[in-house]
Every structure is written in C-alpha cells, then in structure tokens.
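These are the residues of each chain, in order.
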Amino acid sequence: MSTPLKAAVIGALTLSLPVPALAAPLDDYRLQFAQAPNDPLAEAPTDLKLEEEATVRHAQLQWHQGFGLATLGSMALTAGLGGYTSNWAPASQYGTLRTVHMALGGLTTGLYLGAATLALTVPAGYEPAGSGWDAVSLHRSLAWLHGAGIATTFVLGVLTATGGMDRVTHGILGGTTLGLMALSAGVIVFDF
C-alpha cells in the first residue's frame, strides 16, 4: 500500500473517533497528519484555530465520558434503591429511603444534563462523508431515546411523589431508561 493511501486510511480510521481515539493523547492526532505530506488535510492541524478546537473537542469528549459514566452509575443506584424501596423495604424505612431515592434522582438528572450539555456543545470534528453507521452514530441515536426517557422518568417521578401516578409505571420507565443508557455506553466502550 502506498504511503499516501496508508496515511489516508489511518487518518480516516483515527478521525472517526471511536472510544480508544477519544482517550488517545492529542499528539496522536497530530502524528497522523504528519504521515501524509501530500494530503491537503495534512496542513489543517497547524492552523491555530483548528488546533484549539481539536484540544477543546478532545477535553470536552473526555469530560462527557466521565459525566456519562457517573450518570449511569447514579441512575443504577437510583433505580436499585427505588426497586428496593417499593418492593422490599420495611415500612419503617420507607420515608427515609424515598427521600434518598428522590435526592439520587435529582443528582442523576443533574449529571445527565451536564453530560448532554458537553455532548451538544462540543466543536464539530472531521467525519468522512458516507461513513455510515458506526459506534458514535449509534450512540447518538440512542441518546435521543434515553434523553426522552430521562425527561419522562423525572416527570413521572414528580407525579409519583405527589400521588398523581403509580410507582410501577415510573419504575418500568426508569428501568428502561437505565437499559438504554447502559446500551448507549456499551456501544462506545466496546466500539460496536
């Protein structure tokens, strides 16, 4: 394989930004362009504005990953506590556990909003035309589903707390949303 073609393939694969690429040092991105001197895109990272955007994008996506994993953990804890409180907790502990469940629900919602804000405000990266479905595009599609799920779960949680909704519906939607979030994270972590 010729050097420019090899560099183009490596560049396209690296710029598709699967999880290993998100965690890679910024110097790896610079190195891929140095390998293709005849490539018109090879000069792009030397431009200060593009270099700054690449640095911001890299950092922001790492923060998004951290917030996303924290949200997933908080959601799992909230769902587990909610299930325990509704089904197995002694009546004497119900009020305290319900309060802790609601506080964890608020924390989960805040973490989710932080992760979503980071994802929605990240500077655009290079994506090859016609790249089709990959882990990142599937992750983005699942985000619409679990985003709607987290918003609805929050509203149903408020309705459940005020007596306007039964706990079962809220619990089923919370569990479904947790599953969608875990699938979305798994797609990225395992690079499907």
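How each quantity is defined
- Residues numbered from 1 in each chain as written.
- Predicted model: local features only at pLDDT ≥ 70, side-chain atom pairs only at ≥ 80, totals over all residues.
- Heavy atoms only, no water.
- Axes fitted to C-alpha atoms, helices over the stretch in contact; angles between N-to-C directions.
- Helix = DSSP H or I, 4+ residues; strand = E, 2+ residues; numbered from the N terminus.
- Parallel < 35°, antiparallel > 145°, perpendicular 65-115°, else oblique.
- Left-handed = near helix turned anticlockwise from the far one by under 90°.
- Nonpolar A, V, L, I, M, F, W, Y, C, P; charged D, E, K, R; others polar.
- Phe/Tyr/Trp six-rings, centres within 6.5 Å; stacked < 30°, edge-to-face > 60°.
- Buried < 20%, exposed > 50% of the residue type's maximum accessible area, 1.4 Å probe, protein only.
- 1 Å grid on protein atoms, 1.4 Å probe; cavity = no way out; pocket = protein on both sides within 12 Å on 5 of 7 lines; lining within 4 Å.
- Points joined across faces, edges and corners; volume = space filled by probe spheres on them.
- Expected span 1.5 Å × (residues − 1).
- Patch = residues over 30% accessible without salt bridge, like charges linked within 9 Å, V, L, I, M, F, W, Y side chains within 5 Å.
- Areas by Shrake-Rupley, 256 points an atom, 1.4 Å probe, with all protein chains shown as cover.
- Salt bridge = Lys/Arg side-chain N within 4 Å of Asp/Glu carboxyl O.
- Core = buried A, V, L, I, M, F, W, Y, C linked by side-chain atoms within 4.5 Å.
- Contact = heavy atoms within 4.5 Å.

**As for the packing of helix α4 (residues 48–87) against helix α5 (residues 94–120)**
Move 1: Where α4 contacts α5, the two axes come as close as 8 Å, and the packing angle between them is 160°. As summarised for this structure, α4 and α5 are arranged roughly antiparallel, according to the angle between their axes. Relative to α5, α4 is oriented so that their crossing is left-handed.
Move 2: Residue classes in the contact of α4 with α5 are distributed as 17 nonpolar, 13 polar and one charged.

**Section: the packing of aromatic side chains**
When we look at a pair of aromatic rings, we describe it by the centre distance and by the angle of the planes.
Move 1: Counted by the stated rule, this structure contains one aromatic pair.
Move 2: Between W63 and F67 the ring centres are 6.3 Å apart and the planes differ by 50°, which places this aromatic pair in the tilted class. Of this pair, W63 and F67 both sit in helix α4, four residues apart, which is roughly one turn of the helix.
Move 3: For W63, a relative accessible area of 57% translates into the label exposed.

**With respect to the layout of surface pockets**
Move 1: Considered as a void within the structure, the second largest pocket measures approximately 660 Å³ in volume.
Move 2: Forming the boundary of the second largest pocket are 30 residues, of which T78, G82, H101, G157 and H170 lie nearest the centre.
Move 3: Among the elements of the structure, α4, α5, α6 (135–161) and α7 (167–189) are those that each provide at least two residues to the lining of the second largest pocket.
Move 4: Partitioned by chemical class, the residues of the lining of the second largest pocket number ten nonpolar, 18 polar and two charged.

**Concerning α5**
Move 1: The end-to-end C-alpha distance of α5, which contains 27 residues, comes to 38 Å, matching closely the 39 Å that a straight helix rising 1.5 Å per residue would cover.
Move 2: Those residues of α5 that sit buried are L97, H101, L104, T108, L111, Y112, G114, A115 and L118.

**Examining a nonpolar patch on the surface**
Move 1: The grouping of F154, V155, V158 and L159 at the surface amounts to a nonpolar patch, some 330 Å² of accessible area in total.
Move 2: Note on placement: F154 falls in helix α6.
Move 3: According to the relative accessible area criterion, F154 is partly exposed, its value standing at 44%.

**Some words on the packing of α6 against α7**
A pair of packed helices is captured by two measures, namely the crossing angle of their axes and the spacing between those axes.
Move 1: Direction vectors running N to C along α6 and α7 enclose 160°, while the axes themselves pass 8 Å from each other. Classified by the interaxial angle, the pair formed by α6 and α7 is roughly antiparallel. In the crossing of α6 with α7, the sense of the turn from one axis to the other is left-handed.
Move 2: Considered class by class, the residues forming the contact of α6 with α7 number 14 nonpolar, twelve polar and one charged.

**Some remarks on the nonpolar core**
Move 1: Core analysis: the biggest nonpolar cluster contains seven residues, these being L72, M75, Y112, I150, L178, M181 and A185.
Move 2: When contributions to this core are tallied by element, the ones reaching two or more residues are α4 and α7.
Move 3: The greatest single-element share of this core, amounting to three residues, is contributed by α7.
Move 4: If we skip the residues at most four places from it in the chain, L72 touches L178, M181, A182 and A185.
Move 5: A135, V136, L142 and V187 belong to the second-largest nonpolar core, a separate cluster that totals five residues.

**Quick word on α7**
Move 1: Relative to the 33 Å expected for 23 residues at 1.5 Å per residue, α7 spans 32 Å between its end C-alpha atoms, a close match to the ideal helical length.
Move 2: The set of residues buried in α7 consists of H170, G174, T177, L178, M181, S184, A185, G186, V187 and I188.
Move 3: Following α7 by one or two positions, D191 adopts a phi angle in the positive range, close to 50°.

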